[in-house]
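Read off the chains here:
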Amino acid sequence: TQKELKHCLFPLGNITKPEVRALAKKYDLVTAAKKDSQGICFLGKVPAADFLKQYIPVHAGAVITSHGTRIGTHDGAEFYTIGQRHGLKIGGYTEPLYVADKNITENTVTVAEGKRNPELYQAEAAIKNINIIGKISINKPIAIHTRIRYRQPLVKALLTIQKNKTAQLTFINPQKAVAIGQSAVFYTKKGEMLGGGIIH
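Predicted, not measured: the structure shown is a model, and the values here were computed from it.

Quick word on the overall build of the protein chain
Move 1: Across its full length, the protein chain holds three helices and ten strands.
Move 2: Reading the secondary structure of the protein chain in the N-to-C direction produces α-α-α-β-β-β-β-β-β-β-β-β-β.
Move 3: Counting only C-alpha atoms and orienting by the principal axes, one finds that the protein chain spans roughly 50 × 50 × 35 Å.
Move 4: Within the span of the protein chain, comprising 200 residues, buried residues form 32% of the whole.
Move 5: Put simply, of all contacts in the protein chain between residues at least 6 apart along the chain, 46% involve residues at least 24 apart.

Spelled out as structure tokens, the structure:
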């Protein structure tokens, strides 16, 4: 909230990443041309699934289509993310398969063929643990811009916040790979952050 935000200190101030790199190059720092950190930053180059397998045992489950047809097996639903393409190890399809859904209880992974498959897209998302740092009306749909994945371009949506720190997010255009547990962050048209919450 604004109460905590007013105490935050941002060490780079208004300097952008390209400006930081230019300064690093100017002062001959070894990190000037270092690649950006992506994925799980504290792991280095270890794949996320390999990291998780140190704590979660492999337990085979079914890879199914949206119609319930079993087409393969997987190592455990916990090791896959919505929208994931690599690591399914299932061939014989014209277009690549993508994870469209997963069920941890039943240990199933549902896949869809082709990156533009409608099964990969959602028009709405329920949001919990809402944290507001800007001015937003309660119980009234407001037009916002939102981001549901790291580095995703902002997309237009309608946001309705309820009193119990939950909200309904309705995308103007359906969005691909809307994943439970990901953050949804809300912005004004000018890019000012209004707050955010967790997709559930």
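So that's the structure; there's more coming.
Remarks on the sheet that holds strand E5 (residues 121–132)
Move 1: Spatial ordering of the closed barrel is given by E5-E8-E7-E6-E9-E10, a layout of six strands whose pairing is antiparallel. The sheet shows a mean angle of 40 degrees between the axes of neighbouring strands, direction not considered.
Move 2: Where E5 and strand E10 (residues 193–199) come together, four bridges link them in antiparallel fashion. Bridged to Lys128 within E10 is Ile198.

Focus on the sheet that holds strand E4 (residues 108–113)
Move 1: The strand order across the open sheet built from four strands is E2-E1-E4-E3, with neighbouring strands paired in mixed fashion. Strands with a single pairing partner mark the edges of an open sheet, and in this sheet they are strand E2 (70–74) and strand E3 (97–103). Here the average twist between neighbouring strands, direction ignored, is 30 degrees.
Move 2: Summarising the sheet, strand E1 (residues 61–64) and E4 pair through three bridges and their orientation is parallel. Of the residues in E4, the one forming a bridge with Ile64 is Thr110.

So, the pattern of salt bridges
Move 1: According to the stated counting rule, one finds one salt bridge in the structure shown.
Move 2: Taking the shortest distance from any N to any O, the salt bridge between Asp75 and Lys53 comes out at 3.1 Å. Taken together, the residues Asp75 in the loop between E2 and E3 and Lys53 in the loop between helix H3 (48–52) and E1 connect sequence positions 22 residues apart.

A short note on the side chain of Gln84
Move 1: Mapping Gln84 onto the fold places it in the loop between E2 and E3.
Move 2: Among the polar contacts made by the side chain of Gln84, one reaches the main-chain amide nitrogen of Thr81 at a distance of 3.0 Å.
Move 3: Polar side-chain contacts of Gln84 include one of 2.7 Å to the backbone oxygen of His86.
Move 4: With near-sequence residues (within four places) excluded, Gln84 lies in contact with Phe79, Leu97, Tyr98 and Val99.

What to know about the packing of aromatic side chains
Describing an aromatic ring pair means giving the distance of the ring centres and the angle of the ring planes.
Move 1: Applying the stated criterion to the full structure yields one aromatic pair.
Move 2: Note that Lys53 overlies the ring of Phe79, its terminal NZ or CZ placed 5.4 Å from the centroid.
Move 3: The cationic tip of Lys176 hangs over the ring face of Tyr98; the distance from NZ or CZ to the ring centre is 4.7 Å.

Rules and cut-offs
- Residues numbered from 1 in each chain as written.
- Predicted model: local features only at pLDDT ≥ 70, side-chain atom pairs only at ≥ 80, totals over all residues.
- Heavy atoms only, no water.
- Helix = DSSP H or I, 4+ residues; strand = E, 2+ residues; numbered from the N terminus.
- Buried < 20%, exposed > 50% of the residue type's maximum accessible area, 1.4 Å probe, protein only.
- Contact = heavy atoms within 4.5 Å.
- Pairing = 2+ DSSP bridges.
- Axes fitted to C-alpha atoms, helices over the stretch in contact; angles between N-to-C directions.
- Salt bridge = Lys/Arg side-chain N within 4 Å of Asp/Glu carboxyl O.
- Polar contact = N/O pair within 3.5 Å; in protein donor to acceptor, adjacent residues only side chain to side chain.
- Phe/Tyr/Trp six-rings, centres within 6.5 Å; stacked < 30°, edge-to-face > 60°.
- Lys NZ or Arg CZ within 6 Å of the ring centre and 35° of its normal.

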